[in-house]
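Topology and contacts: notes
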Amino acid sequence: MWTSTGPPTPPGFQAELRQAHGWSEHTRAVLFLGRKLEYKGIATLVEAFKRLPRDLDAVLLLAGPSSPWFDEFYRRLPAEDRARIIDLGAVSHPDKVHLLHLADVLVLPSRFEAFGIVILEAWACGTPVIVASSGAMPSIVGQGGLAFEYGNAAELAAQIQRLLDDAELAGGMARRGHQRLLERYTWEKVAAAVRTAYLPLGAKPRPRRVLICSNLFPPHTTGGGEIVAHTEALLLKELGVDVEVFCGRVDRSADGSYRAAATNGGLKRTSVTLSQADISGESVELPQRRDPAAVRRRPGSLRPGRGALSQPRRLVRHAGRRVRGTRHPDRDDAPRLLGNLLQEHAW
């Protein structure tokens with residue numbers, strides 16, 4: 001995790017953006033940085049930005065990997081809106097740092113986040129943050145930022161304008177956030193907390209086993225929660241703890257649910273892929289595989305190879321709910337289903 005604000009944004013980086021998008025030297029920048037998925041609240045952020053006074057010289061920058069949902073959403077925006085709401089696409093790490101320094105405010109409007117590591121990255125660059133008051137974000141931000149009710153575009157617009165209008169408020173929040181980062185969220189602080197939790201001083205040495213649950217796991221995915229889980233697992237392993245990892249997700253294109261065990265960087269990992277039918281139905285069935293080499297892997301899913309499966313084995317029943325409206329089954333239901341598997345089968 002970052003602990004210093006790092007170098008300022010190079011003048012050439014700012015000049016290139018201004019020239020490409022017609023900004024002035026006084027243009028204010030509101031930044032979203034992350035994967036462009038529906039649950040990230042981008043639609044709310046766009047609506048909030050459009051509510052700002054039209055005479056305000058400001059742009060909304062959307063940086064990060066795209067998705068089919070976002071491509072369609074952004075395509076439908078009027079051309080005059082796209083001139084001020086700019087999709088920068090996926091950016092390199094150096095450009096991410098430059099954008100964080102350039103931005104007047106970072107907004108993380110997600111329905112929930114397991115952690116929200118981009119908050120710490122913004123603080124490290126001296127940038128104030130606004131987050132949705134849901135998930136883990138309020139507990140991470142504390143007094144180091146502003147919050148708004150998830151989905152409330154009017155409230156978010158008001159919070160953005162507060163920070164853009166009040167340089168003293170914005171600067172104070174950025175300083176408090178940076179101090180909170182140094183006090184709580186450096187890797188040294190995290191490592192010390194992990195050691196205290198799992199290996200308390202004065203305790204008699206004994207074998208310890210820890211199960212870490214994650215959505216997916218590097219190298220298959222590198223979201224903030226997965227980075228934290230992976231780093232914690234490696235720290236525990238260095239401390240001599242027997243670490244196992246349980247991870248999984250919903251793959252709506254899969255025709256069934258599959259389970260596979262592997263070793264990843266010396267860590268024992270059990271991965272589960274649930275199909276769309278598991279979310280709508282009444283049971284989860286994870287076919288057993290005969291040959292580890294017959295399971296074909298790609299980022300984000302596990303697919304069975306030819307001849308890899310024996311008869312399906314019914315593992316757990318659950319009260320599944322049908323997907324409708326704008327619910328995100330990957331995020332809403334997968335943790336509950338995976339938790340059921342853990343509980344019933346002592347993984």
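In what follows, the accompanying structure is described. (Residues numbered from 1 in each chain as written. Predicted model: local features only at pLDDT ≥ 70, side-chain atom pairs only at ≥ 80, totals over all residues. Heavy atoms only, no water.)

**A look at the overall build of the protein chain**
Each helix and strand counted, the protein chain has 14 helices and 14 strands in total. Counting all 347 residues of the protein chain, 47% fall into the buried class. For the protein chain, long-range pairs separated by at least 24 residues make up 69% of all intrachain contacts whose partners lie at least 6 apart in sequence. As presented, the protein chain carries roughly 17,100 Å² of accessible surface, and 51% of it is formed by carbon and sulfur atoms. (Helix = DSSP H or I, 4+ residues; strand = E, 2+ residues; numbered from the N terminus. Buried < 20%, exposed > 50% of the residue type's maximum accessible area, 1.4 Å probe, protein only. Contact = heavy atoms within 4.5 Å. Areas by Shrake-Rupley, 256 points an atom, 1.4 Å probe, with all protein chains shown as cover.)

**Quick look at the packing of helix H6 (residues 117-124) against helix H9 (residues 167-184)**
Any two packed helices are characterised by how steeply their axes cross, that is the angle between the axes, and by the distance between the axes. Viewed as axis vectors pointing N to C, H6 and H9 meet at an angle of 115°, and their least axial separation amounts to 8 Å. The orientation of H6 relative to H9 falls into the category roughly perpendicular. Between H6 and H9 lies a crossing whose hand is left-handed. Together, Leu 120, Trp 123 and Ala 124 of H6 and Gly 177, His 178, Arg 180 and Leu 181 of H9 make up the contact between the two elements. Of the residues contributing to the contact of H6 with H9, the split by class is four nonpolar, two polar and one charged. (Axes fitted to C-alpha atoms, helices over the stretch in contact; angles between N-to-C directions. Parallel < 35°, antiparallel > 145°, perpendicular 65-115°, else oblique. Left-handed = near helix turned anticlockwise from the far one by under 90°. Nonpolar A, V, L, I, M, F, W, Y, C, P; charged D, E, K, R; others polar.)

**Quick word on H6**
Burial within H6 is extensive, with eight of its eight residues counted as buried. Residues of H6 that are buried: Ile 117, Val 118, Ile 119, Leu 120, Glu 121, Ala 122, Trp 123 and Ala 124.

**Here's the deal with the packing of aromatic side chains**
Applying the stated criterion to the full structure yields five aromatic pairs. An angle of 50° between the planes, with centres 6.4 Å apart, marks the rings of Trp 69 and Phe 70 as tilted. Overall, the relative accessible area of 1% leaves Phe 70 in the buried class. Lying over the aromatic face of Phe 70, Lys 36 brings its terminal NZ or CZ to 5.3 Å of the ring centre. (Phe/Tyr/Trp six-rings, centres within 6.5 Å; stacked < 30°, edge-to-face > 60°. Lys NZ or Arg CZ within 6 Å of the ring centre and 35° of its normal.)

**A look at the environment of Leu 45**
You can see Leu 45 is positioned in helix H2 (residues 42-51). Distance in space between the C-alpha atoms of Leu 45 and Val 107 is 7.9 Å, their sequence separation being 62 residues. Not counting chain neighbours up to four residues away, the residues in contact with Leu 45 comprise Phe 32, Leu 60, Leu 62, Val 107, Pro 109, Leu 156 and Ile 160.

**Quick word on the pairing of strand E5 (residues 129-132)**
Along a regular strand, successive side chains alternate from one face of the sheet to the other. Here E5 shows two buried faces, one formed by Val 129 and Val 131 and the other by Ile 130 and Ala 132. Bridge analysis of strand E4 (residues 105-108) against E5 gives three bridges, and the strand direction is parallel. Its bridge partner being in E5, Leu 106 is matched across the sheet by Val 129. The parallel pair E4 and E5, bridged by H6, forms a crossover whose chirality is right-handed. Pairing analysis gives four bridges linking E5 to strand E6 (residues 145-148), with the strands arranged parallel. What sits directly across from Ile 130, in E6, is Leu 146. (Pairing = 2+ DSSP bridges. Right-handed = clockwise from strand over helix to strand, strands pointing away.)

**Looking at the pattern of salt bridges**
In a structure, side chains of opposite charge can pair up when their charged atoms sit close to one another. Counted by the stated rule, this structure contains 10 salt bridges. For Glu 121, the salt bridge is made with Lys 96, and the minimal N-O distance between the two is 3.0 Å. Within this pair, whereas Glu 121 is found in helix H6, its partner Lys 96 is found in helix H5 (residues 93-102), the two being separated by 25 residues in sequence. In this structure Lys 96 comes out as buried when scored by relative accessible area, which is 18%. When salt bridges that share partners are traced, they join Glu 72, Arg 75 and Arg 76 into one network. (Salt bridge = Lys/Arg side-chain N within 4 Å of Asp/Glu carboxyl O.)

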